[in-house]
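Here are the chains, one letter per residue:
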Amino acid sequence: MISKLYFYTKIFYLLISRRLIPMETIKEDYNSLASTYDEYFSNITRPHSQELVRRLNINSSATVLDLACGTGTITAELRKYICPKGKIIAVDSSEQMINKAKDKINEKNVEFICGGMLGILDECQENSFDCVTCGWAIGYASPLELLKKIKRVLKQNGKIGIIENRKDTLSPLRETGIKVMQRYPQHILYVMDLTLHLPRDERHLERLYKKAGLKSLEVWEGEAKFSFKDGREVLNWVLHTGASAGFDRMMDPKVKNKCDNAFIEIIERDYKTKEGINISHKYVAGIAERI
Ligand SMILES: C[S@@+](CC[C@H](N)C(=O)[O-])C[C@H]1O[C@@H](n2cnc3c(N)ncnc32)[C@H](O)[C@@H]1O
């Protein structure tokens, strides 16, 4: 009880004193995740991202901006719809994620830029893109600020396609992470505000589009279930995917082993069944237009 109280007080204090995981740390984490990211995470997200691109119905001569392109899953899909007359600019803050994307896509009409998406949007001319995509990354910014900046660079009737984790995705992992922090509140150094930025459901994404002055064309949600043999297998998965980026650095590194062991113990205690540990990946996606 006392450690829970200490935990909430500490989180509140860190939030109001803006001790947030810096963007530089997220970038470093994605640099080290780049080599395993596709195997552990893109295999889960790819079909949903492909569906988003299909529904965008992109014109073959379109100019498209792919924000937070990562290892290029969405960029590669966009490339299939765009003929050599069209152009794709793909942006990501992690050099290593971009290097992986470059290994897959080597085309004259695809340009990669390494940098933060908000800053790059500010550098783009107004009305310059037919389409902007952002896959699994609006949580790394204030979503409304990001959507407003995207609207500025879209041409009239230009489309935006967003796909993102729902706030309640992978909930056993998040709840276990919170319980680990409650066990060692004195070692929490930073907070990560990504979850606060995630859309609750498709209606939430629709409202965000509206607030940004965009016309929502369609929104949808989906879910994929998978299971792990035990807690160690879950931890291994988490540490090889974007799900751990930033979060892993909230605690003092000197208690990393203790935290990893506590994670395994708690997730097995609270979620292990005869079938293993079941996890549900929930996402929301939507397409809007600049009117
Ligand atoms: C979960 S991955 C998604 C990658 C890709 N869109 C996909 O569908 O696989 C999130 C990506 O966002 C990038 N990222 C995080 N914050 C960013 C920022 N502020 N600006 C640009 N990229 C960012 C990370 O480097 C990472 O590659």
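Residues numbered from 1 in each chain as written. Predicted model: local features only at pLDDT ≥ 70, side-chain atom pairs only at ≥ 80, totals over all residues. Heavy atoms only, no water.

As a further point, take the overall build of the chain. Within the chain one finds 11 helices and 8 strands. Computed over C-alpha atoms, the radius of gyration of the chain comes to 19 Å, within 12% of the 19 Å expected from 2.2 N^0.38 for 291 residues, which places it in the range of a compact globule. Taking all 291 residues of the chain together, the buried fraction comes to 53%. Expressed as a percentage of contacts within the chain between residues at least 6 apart in sequence, the contacts between residues at least 24 apart total 82%. When the accessible surface of the chain is totalled, it reaches about 14,000 Å², and 50% of it is carbon and sulfur. The averaged location of the 38 negative side-chain charges in the chain is 3 Å from the averaged location of its 45 positive side-chain charges. (Helix = DSSP H or I, 4+ residues; strand = E, 2+ residues; numbered from the N terminus. Rg over C-alpha atoms; globule rule 2.2 N^0.38 Å. Buried < 20%, exposed > 50% of the residue type's maximum accessible area, 1.4 Å probe, protein only. Contact = heavy atoms within 4.5 Å. Areas by Shrake-Rupley, 256 points an atom, 1.4 Å probe, with all protein chains shown as cover. Lys, Arg positive; Asp, Glu negative; His and termini not counted. Charge placed at Lys NZ, Arg CZ, Asp CG, Glu CD.)

Let us look at the nonpolar core. Counting residues in each nonpolar core, the largest one holds 42 residues, and the members touching the most others are Leu173, Val234, Trp237 and Phe263. For this core, the secondary structure elements donating two or more residues are α1 (2–16), α2 (23–56), α7 (171–183), β6 (215–228), α10 (231–239), α11 (256–271) and β8 (276–289). Examining the composition of this core, we find that 8 residues originate from one element, α2, more than from any other. One finds Ile150, Leu154, Ala212 and Val284 within the second-largest nonpolar core, a separate group that totals 30 residues. (Core = buried A, V, L, I, M, F, W, Y, C linked by side-chain atoms within 4.5 Å.)

Right, let's talk about the packing of aromatic side chains for a bit. Following the criterion strictly, the structure yields 9 aromatic pairs and no others. Between Tyr30 and Tyr140, the aromatic rings sit 6.0 Å apart at their centres with planes inclined by 90°, giving edge-to-face as the arrangement. Of this pair, Tyr30 sits in helix α2 while Tyr140 sits in the loop between β4 (129–135) and α6 (143–153); the two residues are 110 residues apart in sequence, bridging distant segments of the chain. Taking the relative accessible area as the measure of exposure, Tyr30 reaches 13% and is therefore buried. Residue class for Tyr140 comes out partly exposed when judged on its relative accessible area of 29%. Where Phe226 meets Phe228, the ring centres are 5.8 Å apart and the plane angle is 80°; that geometry is what we call edge-to-face. Judged by its relative accessible area of 8%, Phe228 falls in the buried class. Directly above the aromatic system of Tyr190 lies the positively charged group of Arg19, at a separation of 5.1 Å from the ring centroid. (Phe/Tyr/Trp six-rings, centres within 6.5 Å; stacked < 30°, edge-to-face > 60°. Lys NZ or Arg CZ within 6 Å of the ring centre and 35° of its normal.)

For the rest of this paragraph, the subject is the site of the ligand. In the vicinity of the ligand lie 19 residues, with Tyr37, Ala68, Asp92, Met117 and Gly135 positioned nearest. A distance of 2.7 Å separates a nitrogen atom of the ligand from a polar backbone atom of Ala68. Met117 places a main-chain nitrogen or oxygen 2.9 Å from a nitrogen atom of the ligand. If you list the elements that add at least two residues to the shell around the ligand, you get α2 and α3 (73–81). For the shell around the ligand, the leading source of residues is α2, giving 3 residues. Broken down by class, the residue content of the shell around the ligand amounts to 11 nonpolar, 7 polar and 1 charged. (Near = heavy atom within 4 Å. Polar contact = N/O pair within 3.5 Å; in protein donor to acceptor, adjacent residues only side chain to side chain. Nonpolar A, V, L, I, M, F, W, Y, C, P; charged D, E, K, R; others polar.)

This next bit is on unusual backbone geometry. Even without glycine at this site, Trp136 takes up a positive phi of about 60°. Despite not being glycine, Leu170 has its phi angle at roughly 45°, a positive value. Checked against the element boundaries, Leu170 lands in the loop between β5 (154–165) and α7. Exposure remark for Leu170: the relative accessible area of 8% places this residue in the buried category.

With respect to the element layout, Ile267 can be found in helix α11. Residue class for Ile267 comes out buried when judged on its relative accessible area of 0%. Ile267 sits 11 residues away from Asn278 along the chain, and the two C-alpha atoms are 10 Å apart. Look past the residues within four positions of Ile267 in its chain and what remains in contact with it is Pro172, Leu173, Thr176, Gly231, Val234, Lys272 and Ile277.

Read these as geometric descriptors, not functional statements.
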